[in-house]
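# Chain and residue survey
Here is how the chains run, residue by residue.
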Amino acid sequence: MNAQQLLKQIRINRDLIISHNLHAYEHLQMLKGDYPHLANEEVTISIELNNTLAELHYHSNYAGALQNSLRIVSQYSDTIHKNLLVLHLKVIGHCYTNTGEFRLAEDFLLRALSNLEANHAEYVLAKADILQTLAMNHEMIEEGSPKSIAYLTEAIEGLDEEAHAVKRANCLMGLGNVYNNMDNIPMALKYYTQAAQTFEGKFVLSNMASAYSNIGNCHIKLGDFKKAETYLQKSLELRLKFSSPDDLSISYYNLAIVYKETGDYIKAEDFLLKSKQILEQIGNKPYISEVNDRLQELEVLRAKANKVS
């Protein structure tokens, strides 16, 4: 195998990691065995990107992913392979969002956007991905912001409806999230449902799980807990098979809310504690605080129920 052949294999492996393929991690270890004697700059930056993504998708290890990509960005700051470095910058931004460092995240994401070269073969997809992540990060700073909608609208407008169907559906999911945060549930359901239909048609299981989770969350807000539980259980079943830990924690959290609202406090506490255990393992500080708030609410509700009985 020469360097170009290895690069092709690394790219295939990257797509498998992103789609949560169960065998991609083993495939990466095999490629790393073929890597040392072919370690030119492009190969090194590329395979280290896969290492970072594997830490995220299989372990939700934000600290490890950050450390790895920050090292590569520092070491190869003057590389000619700018678009590979952009992908590291984007992942760094994503990690900082999930560890609660929203301003740092925005800095790295804007840096990624400004360094993206328009002549790159995957410019359209890479730009949409960065814009989507910027929107997600900005939602953490200011929910329901017109800026979040603008980022996502720009991403969608740049994507072909058929050729980029899955990425477009991911951005539609992002719009659903913005409207969900604004409590505009009909609009949120509109975008979530459109996205779910694309994911089902393309049979993208991890994305289907996310869409079902979001649709279930909307039905919680509408007070239709039976329908919410149906969608959330479908999401959980998929996530138990292949999903990342942080996605699994979201499924446990949302189901806990259903059980809290329907008065099953024992089940609600069980699911909240499952969610919290995962979040503590991966260091997701913003959502640990959220779960702790729900546990406190649950304690108050249980105390009131005990007094009545």
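Position numbers for residues count from 1 along each chain, tracking the sequence in the order it is written. Restriction of local features to residues with pLDDT of at least 70 applies here, the model being predicted, together with a cutoff of 80 or more for giving and counting side-chain atom pairs; totals for whole chains, interfaces and linings are based on all residues. Think of the side-chain values as coming from all heavy atoms in the structure, minus any hydrogens and water.

Let us now look at helix H14 (residues 265–282). Each α-helix turn comprises 3.6 residues. Residues three or four places apart therefore point the same way. The end-to-end C-alpha distance of H14, which contains 18 residues, comes to 26 Å, matching closely the 26 Å that a straight helix rising 1.5 Å per residue would cover. For H14, the complete set of buried residues consists of Ala268, Phe271, Leu272, Ser275, Lys276, Ile278, Leu279 and Ile282. Buried residues in H14, looked at end-on, bunch into an arc of 165°, giving them a common side. Of the residues in H14, the exposed ones pointing more than 90 degrees away from the buried face are Ile266 and Gln281. Contact definition: two residues touch when any of their heavy atoms are within 4.5 Å. To qualify as a helix, a DSSP run of H or I must reach at least 4 residues; to qualify as a strand, a run of E must reach at least 2; elements of each kind are numbered from the N terminus. Buried residues along H14 sit in contact with helix H3 (41–59), helix H4 (62–75), helix H12 (225–242), helix H13 (245–261) and helix H15 (285–308). Gly283 occupies a position one or two residues after H14 and carries a positive phi of about 75°. Multiplying 1.5 Å by the helix residue count minus one yields the expected span of that helix. Throughout, exposure labels follow a simple rule: accessible area from a 1.4 Å probe, protein chains only, divided by the maximum for the residue type, with under 20% read as buried, over 50% as exposed, and the rest as partly exposed. The arc in question is the one spanned by the directions pointing from the helix axis to the C-beta atoms.

Here Glu106 shows up in helix H6 (residues 102–115). Contacts of Glu106, omitting those with residues within four sequence positions, involve Leu134, Asn137, His138, Ile141, Lys147 and Tyr151.

Position of Lys260 among the secondary structure elements: in helix H13. Given a relative accessible area of 14%, Lys260 falls into the buried group. Under the rule applied, a polar contact is a pair of N or O atoms within 3.5 Å (in protein, one hydrogen donor and one hydrogen acceptor; residues adjacent in sequence only if both atoms are side-chain atoms). A polar contact is formed between the side chain of Lys260 and the side chain of Glu297, at a distance of 3.2 Å. Filtering out sequence-adjacent residues up to four positions away, Lys260 remains in contact with Tyr265, Ala268, Glu297, Leu298 and Leu301.

As a further point, take the nonpolar core. In this description, a nonpolar core means a group of buried Ala, Val, Leu, Ile, Met, Phe, Trp, Tyr and Cys residues linked to one another through side-chain atoms lying within 4.5 Å. If you look at the biggest cluster of nonpolar residues, it comprises 93 residues, and the most contacted ones within it are Leu6, Ile17, Val43, Cys95, Phe199, Phe271 and Leu272. With sequence-adjacent residues up to four places away left out, Leu272 is seen in contact with Tyr253, Ala256, Val291, Arg294, Leu295 and Leu298.

Take unusual backbone geometry next. Although it is not a glycine, Ser60 adopts a positive phi angle of roughly 50°. With respect to the element layout, Ser60 can be found in the loop between H3 and H4. For Asp183, which is not glycine, the phi dihedral falls at a positive 60°. Classification of Asp183 as exposed rests on a relative accessible area of 54%.

On to the packing of aromatic side chains. Between rings of Phe, Tyr and Trp, where Trp is taken as its six-membered ring, a pair exists when centres lie within 6.5 Å; planes separated by under 30 degrees are stacked, by over 60 edge-to-face, and by other angles tilted. Across all of its chains, the model carries 6 aromatic pairs by this definition. Measuring from centroid to centroid gives 5.8 Å for Tyr25 and Tyr58, while their planes differ by 70°, and the two rings are edge-to-face. Taken together, the residues span a long stretch of sequence, with Tyr25 in helix H2 (residues 24–33) and Tyr58 in helix H3 at a distance of 33 residues. Measuring from centroid to centroid gives 5.8 Å for Tyr179 and Tyr191, while their planes differ by 20°, and the two rings are stacked. In this pair, Tyr179 sits in helix H9 (residues 165–181) while Tyr191 sits in helix H10 (residues 185–202), placing the two residues 12 residues apart along the sequence. When sorted by exposure, Tyr179 lands in the same class as Tyr191, which is buried. Among the aromatic residues, ring-to-ring pairing joins Tyr252, Tyr259 and Phe271 into one connected group.

Let's shift gears to helix H11 (residues 205–222). Taking 1.5 Å per residue as the helical rise, H11 with its 18 residues ought to reach 26 Å, and the 26 Å between its terminal C-alpha atoms agrees with that figure. Gly223 occupies a position one or two residues after H11 and carries a positive phi of about 80°.

Another aspect to go through is the state of the cysteines. The definition used for a disulfide is geometric: two cysteine sulfur atoms within 2.5 Å. The full count for this structure, using the stated rule, is 0 disulfides. We note that Cys95 lacks a disulfide partner, and the nearest cysteine sulfur, in Cys171, lies 19 Å from it. Residue Cys218 stays outside any disulfide, its sulfur separated by 18 Å from that of Cys171, the closest cysteine.

Scored from 0 to 100, pLDDT reflects the predictor's confidence in each residue. Confidence along the protein averages 92 in pLDDT terms, with 99% of residues attaining 70 or more. Ranking the elements of the protein by mean pLDDT puts H15 last with 87 and H10 first with 97.

Before going further, it helps to examine the environment of Asn68. Tracing the backbone shows Asn68 in helix H4. A relative accessible area of 13% means that Asn68 is categorised as buried. Along the sequence, Asn68 and Asn51 sit 17 residues apart, while their C-alpha atoms lie 7.9 Å from each other. When neighbours within four sequence positions are excluded, Asn68 is seen to be in contact with Glu48, Asn51 and Thr52. Here Glu48 takes part through its backbone oxygen, which lies 3.0 Å from a polar atom of the side chain of Asn68. There is a polar contact of 2.6 Å between the side chain of Asn68 and the side chain of Arg71.

This part covers the packing of helix H5 (residues 82–98) against helix H7 (residues 123–141). Axis definition: a line fitted to C-alpha atoms, over the contacting stretch in the case of helices. Angles run 0 to 180 degrees between N-to-C directions. Put simply, H5 and H7 touch, their axes get as near as 10 Å, and they point 20° apart. Judged on the interaxial angle alone, H7 and H5 are roughly parallel. As for the relative orientation of H5 and H7, their crossing is left-handed in sense. Two secondary-structure elements touch here, H5 through Val86, Lys90, His94, Thr97 and Asn98 and H7 through Asp129, Ile130, Thr133, Met136, Asn137 and Met140. Roughly parallel here means an angle under 35 degrees, roughly antiparallel means over 145, roughly perpendicular means 65 to 115, and every remaining angle is called oblique. What makes a crossing left-handed is the near helix being turned counterclockwise from the far one by less than a right angle; a clockwise turn instead makes it right-handed.

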